[in-house]
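Coordinate analysis (summary)
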Amino acid sequence: MDLASCRPGRPLRVVELTADGRERRRLTELGVHRGAVVEVVRRAPFGGPIALRVGGGLLALRPGNARRVIVEEHDGG
Amino acid sequence: MADVCHEPGPSGRGHRPEARRVALAGNPNVGKSSLFNRLTGSHQHVGNWPGKTVERHWGTCRAGAVPLTLVDLPGTYSLASSSPEEVVAEQVLCSDDVDAVAVVLDSTNLERNLYLAAQVAELGRPLVLVLNMTDVAEADGFRIDGAALGEAFSAPVVRTTGRSGAGVDELIAVLGVLGRTEPEGPTVGPDTRAPGTPLSIDYGEPLESEIAALEDRLARLLPTHHAAPRWLAVQLLEADPVTIDDVMNVEGGAAVVADAARAAQRVLDATGEEPALLVADRRFAWANGLARASVERRTTLRSRTERLDDVLTNRWLGLPIFLALMWLVFGLVTHVAGPFVDWIDGVVNGPVAALAEAGLAAVGLGGTWFEALVVDGVIGGVGSVLVFVPVLAVLYLALGVLEDSGYMARAAFLLDRVMRPIGLTGKSFLPLLLGFGCNVPGVYATRVLDRRRDRIITALLVPFVSCAARLPVYVLLAAVFFPGSQGTVVFSLYVASIVATLLIGGLLDRFVLRGERTDSFILELPPYRRPSAAVLWAYVAQRVRSFLARAGTVIFACALAVWFLLAIPVGGDGSFGQTDMDDSLFAATAEVVAPVLAPAGLDSWQVAGTFVSGFVAKEVMVSTMEQAYGGEATDTEVEEEPAPVDELVDSGEGLLEAIADAARAVPGIVGLDVGGADADEDVDIAAAMRADLEATSDGHATAAAVAFLALVLLYVPCMATVAAIRHELGGRWAAISIVLNLTVAWLVAVALFQVGSTVGTG
Ligand SMILES: Nc1nc2c(ncn2[C@@H]2O[C@H](COP(=O)(O)OP(=O)(O)O)[C@@H](O)[C@H]2O)c(=O)[nH]1
Ligand SMILES: [Mg+2]
């Protein structure tokens, strides 16, 4: 599943980034890389950005960006 | 951009040999500028918002006897050169201008921070790890094993708190000896790594064999390059533009670059992945492993940031809270700054002018054109610059609090959706909103945008936002031409302003700056922090100073130019400095401009003159109209003036009153009062205006009045706004802004009049 369709509050593991070029690089540098554990914290109203917990920080990204991040449920640790 | 206190300039090559030059590198928003200011006593822009430092800044300090030259780099997440900040950072780190690097890390987010630190260590310049935000890390229950980090990087580790300055002395001591080859320097920390043994991360096959092959050739090709050959090889495989440039510049470099491109292709063929991504994955794995091994978090308490976010970015409460905060900022700017504006205006045009008059009279120049030049031209011009100071100071204070607390990023998060259709991001909302108060701070607020394209579009849009100064003109025109429905007229104009802003935004986005469009919005939401008074003070002082120096001069020059136009008689029996408005060069100039307005049914010098003076400040449009249609002389006789000294005393009391008024205004802010424009206009003026428009429009005065209103809403930004755009984006964009507004205003006004005069009854 992709990150844009995930409900808040569950730990997720990044499986794959389908974004490319600059966007993929930016996501990676900000900690959204293959294998990273992330969590959707909330969504802005009216289809606005998604707040994502990554490592020790928070990241806002548009649903368009989030659609290009493929994740799976992550259980434990 | 910003001024630096000590500025030795970037080419420190000719310096005394013992000067150590150290670059501060790190992710955005980790406290680099705070530390830089602590170290050098400068006032670089600090704020809780990624992307504030866009240029490099230099400063100096001393480590005992050793002079240090520091450079504050823009924050970057990597050295991949995919943004201008990264290019600057990489170029400086590879240049002769620095001897060593201090990598500043946010102790509460080490995993991501170590990714950049790894790159800097691979680059191979002498290095110190600065664990900043120690105070927050301790409060949040982080425990960081500094020795493990130091060992992994073979570098000294220093813990600091940029806010309080804790640990800065130790940092200075380390910087004084960092990367010294002379053995007699005191050893601090476990720095046993001689310069030239950079960090090496295992990138696995097939990358490693390609790296090895390139590395040898690069070592021979660029023996004096400051970066390690292995790092250069990795950068070439990643197709890093700065490294490619460096290598292309030496003889035989082109062949190596071409071979690297072929090697990258082989890696892609073999693995199905770009080398850049393979490298990033491995490097992140390394940073992760190190973070896991060296960081322990004892508490799992929800942080203050999370609890605040539950309210401030709540799905239902977020937007109402944002609007309430904006209302507050608006109120502060209009109600708190207002009394000070009046006071400055009063002092400059009262006692200061009176003193100047008295002084000139004493030397026999009283009543001459020279007196008028000094009093109305120069002193008035200074006044028109100074009145902006309280507005800007209050605005910057409010912006500073929003920014330094971390709220600004939340506002961008909440409003991104609104800006998406016109190709902007949530960050552009704030400047536009501020524009409703005054366009000048709106333009300055575009600084918080991180892409130049967004800054340009937003700054060009700000003048279409109806600032408060246009309101009295709407009220006056509505009272004259649409008596009884002023409210509807004013409301329609505000709606028109929003519609125009969105439409023009869409056009600029699709047709003018289309090439650089991106649909992506990825923003770090920093933790909430209590704003620091010292930071706020520096922020406000620096910006006001810079406004006075750059925009102030332009405003002053324009005010003076209009004064000359008004002073020079071209008819009648007035003399220089003492002429009726309709006999002045001003009226003559307006007469020349007026025919342009004929298709909008407004071919009269009075209307054109109103627009000319409105360029100086929209505030003066109403008084120009009154003078032009009332026919009074511009140079109103000086009334019985009280002795200047008395007036100075009065103005002292005036200041107290202004402060009291400002204090009283604070509770009343929520009931924003837009009134103040007197609707009881002189009947004669109204009649004169109506007669004038009847004449210029062939009996379609109502249609002409609508066109007039549209022009007031849309035509050129005032000179202060133009000066601000020039200050922010350069003269070219300021000119484009003027042309854009004039064109749009003219087309809309003509269309309205043509349609209105054929369809309407007039
Ligand atoms: N609590 C705390 N805040 C800090 C510290 N250092 C910097 N800050 C704050 O962090 C934010 C970012 O600082 P700044 O120096 O602009 O970071 P830069 O982007 O790396 O230059 C500002 O709000 C600073 O006041 C620190 O050690 N502790
Ligand atoms: Mg900075």
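Residues numbered from 1 in each chain as written. Chains lettered and ligands numbered in written order. Predicted model: local features only at pLDDT ≥ 70, side-chain atom pairs only at ≥ 80, totals over all residues. Heavy atoms only, no water.

With that out of the way, let us pick up the interface of chain A and chain B. Of the residues lining the interface, 33 residues belong to chain A; the matching set on chain B comes to 41 residues. Taking both sides of the interface into account, the surface hidden between chain A and chain B amounts to around 3,400 Å²; carbon and sulfur atoms contribute 53%. Three residues, Arg25(A), Glu29(A) and Arg62(A), lead the burial of chain A against chain B; their summed loss comes to 23% of the area buried on that side. Summed over the shared surface of chain A and chain B, the number is eight salt bridges. (Contact = heavy atoms within 4.5 Å. Buried area = accessible area lost by both parts, 1.4 Å probe. Salt bridge = Lys/Arg side-chain N within 4 Å of Asp/Glu carboxyl O.)

Looking now at the packing of helix α20 (residues 471–481) of chain B against helix α21 (residues 486–512) of chain B. All names here are of chain B. Viewed as axis vectors pointing N to C, α20 and α21 meet at an angle of 140°, and their least axial separation amounts to 9 Å. As the angle between them shows, α20 and α21 are arranged oblique. Both α20 and α21 take part in a crossing whose hand is right-handed. Mapping the contact onto sequence places Leu471, Tyr474, Val475, Ala478 and Ala479 in α20 and Gln486, Val489, Val490, Leu493 and Tyr494 in α21. (Axes fitted to C-alpha atoms, helices over the stretch in contact; angles between N-to-C directions. Helix = DSSP H or I, 4+ residues; strand = E, 2+ residues; numbered from the N terminus. Parallel < 35°, antiparallel > 145°, perpendicular 65-115°, else oblique. Left-handed = near helix turned anticlockwise from the far one by under 90°.)

A few words on the site of ligand 1. Residue and element names in this part refer to chain B. Neighbouring residues of ligand 1: 20 residues in total, closest Asn29, Lys32, Ser34, Gly162 and Asp404. In the environment of ligand 1, an oxygen atom lies 2.8 Å from a nitrogen or oxygen atom belonging to the backbone of Ser33. Within the side chain of Asp404, a nitrogen or oxygen atom sits 2.5 Å from an oxygen atom of ligand 1. Burial of ligand 1 by the surrounding chains reaches 97%, relative to a free accessible area of 580 Å². Of all the secondary-structure elements, those providing two or more residues to the shell around ligand 1 are α1 (32–40) and α4 (134–139). Examining the composition of the shell around ligand 1, we find that three residues originate from one element, α1, more than from any other. (Near = heavy atom within 4 Å. Polar contact = N/O pair within 3.5 Å; in protein donor to acceptor, adjacent residues only side chain to side chain. Areas by Shrake-Rupley, 256 points an atom, 1.4 Å probe, with all protein chains shown as cover.)

Residues and elements named next belong to chain B. On the surface, a cluster of nonpolar side chains totalling about 450 Å² of accessible area is made up of Val592, Val593, Val596, Trp746 and Leu747. Every element with two or more residues in the nonpolar patch is listed here: α23 (585–593) and α30 (731–759). By the secondary structure assignment, Val593 is in helix α23. With relative accessibility at 37%, the residue Val593 sits in the partly exposed group. (Patch = residues over 30% accessible without salt bridge, like charges linked within 9 Å, V, L, I, M, F, W, Y side chains within 5 Å. Buried < 20%, exposed > 50% of the residue type's maximum accessible area, 1.4 Å probe, protein only.)

Here the focus is helix α7 (residues 207–221) of chain B. All names here are of chain B. With 15 residues, α7 should cover 21 Å at 1.5 Å per step; its first-to-last C-alpha distance of 21 Å lies within 8% of that length. Every buried residue belonging to α7 is among Leu207, Glu208, Glu210, Ile211, Leu214 and Leu218, and all of these are buried. Those residues of α7 that are buried lie in contact with α8 (229–237), α9 (241–248), α10 (253–271) and α11 (275–294). (Expected span 1.5 Å × (residues − 1).)

Here we take up the domain arrangement of chain B. All names here are of chain B. Considered domain by domain, chain B is made up of domain 1 (20–177), domain 2 (207–297) and domain 3 (324–512 + 540–759). Each partner contributes to the interface: domain 1 provides 29 residues, whereas domain 2 provides 22 residues. Roughly 2,400 Å² of surface becomes buried between domain 1 and domain 2 when both sides are summed, with 62% attributable to carbon and sulfur atoms. If you look at where domain 1 meets domain 2, you find one salt bridge. Between Glu122 and Arg283 there is a salt bridge; the shortest N-O distance is 2.7 Å. Our count for the contact surface shared by domain 1 and domain 2 stands at 10 residue pairs in polar contact (both at pLDDT 80 or more). Here the side of domain 1 that touches domain 2 takes nine residues from helix α3 (residues 110–123), the largest share from any one element. The residue inventory of the side of domain 1 that touches domain 2, partitioned by class, reads 15 nonpolar, five polar and nine charged. (Domains from an automatic or database assignment. Nonpolar A, V, L, I, M, F, W, Y, C, P; charged D, E, K, R; others polar.)

Glancing now at the pattern of salt bridges. Summed over all chains, the structure comprises 26 salt bridges over all chains. Ionic pairing is found between Arg34(A) and Asp281(B), a salt bridge with its closest N-O pair at 2.5 Å. You can see Arg34(A) sitting in the loop between α1 (21–29) and β2 (37–43) and its partner Asp281(B) sitting in helix α11, one on each of two chains. The class of Asp281(B) is partly exposed, set by a relative accessible area of 21%. Arg21(B) is the partner of Asp99(B) in a salt bridge, and the nearest nitrogen-oxygen pair spans 3.0 Å. Here Arg21(B) lies in strand β1 (residues 20–26) and Asp99(B) lies in the loop between α2 (84–94) and β4 (100–106), a separation of 78 residues in the sequence. One continuous salt-bridge network, built from bridges that share partners, spans Glu16(A), Arg24(A), Arg34(A), Glu273(B) and Asp281(B).

All names here are of chain B. When we look at burial in helix α5 (residues 146–153), the residues that qualify are Gly146, Leu149, Gly150 and Phe153. What you see down the axis of α5 is that its buried residues fit within an arc of 100°, all on one side. Looking at α5, the residues exposed on the side facing more than 90 degrees away from the buried face are Ala147 and Glu151. At the N-terminal boundary of α5, the capping side chain belongs to Asp145, with an oxygen 3.2 Å from the backbone nitrogen of Ala147. After α5 finishes, the residue Ser154 shows a positive phi value of roughly 45°. (Arc of directions from axis to C-beta.)

Let us look at the sheet that holds strand β5 (residues 127–132) of chain B. All names here are of chain B. If you walk across this open sheet you meet the six strands as β2-β3-β1-β4-β5-β7, and the pairing is mixed. Edge strands, defined here as strands with exactly one partner in the open sheet, are β2 (57–63) and β7 (157–159). For this sheet, the mean inter-axis angle between neighbouring strands, taken without regard to orientation, is 25°. As paired strands, β1 and β4 are joined by five bridges and run parallel to one another. Within β4, the residue paired with Ala23 across the bridge is Val101. Across the sheet, helix α6 (residues 168–177) is in contact with β1, β2, β3 (66–72), β4, β5 and β7; its angle to β3 comes to roughly 105°. (Pairing = 2+ DSSP bridges.)

In this section: the pairing of strand β1 (residues 11–17) of chain A. Residue and element names in this part refer to chain A. Taken together, the three bridges between β1 and β2 define a ladder with antiparallel strand orientation. Along β2, the bridge assignment pairs Arg13 with Val37. In this sheet, strand β5 (residues 69–73) lies alongside β1 in antiparallel orientation, the contact comprising five bridges. Among the inter-strand pairings, Leu12 is bridged to a residue of β5, identified as Glu73.

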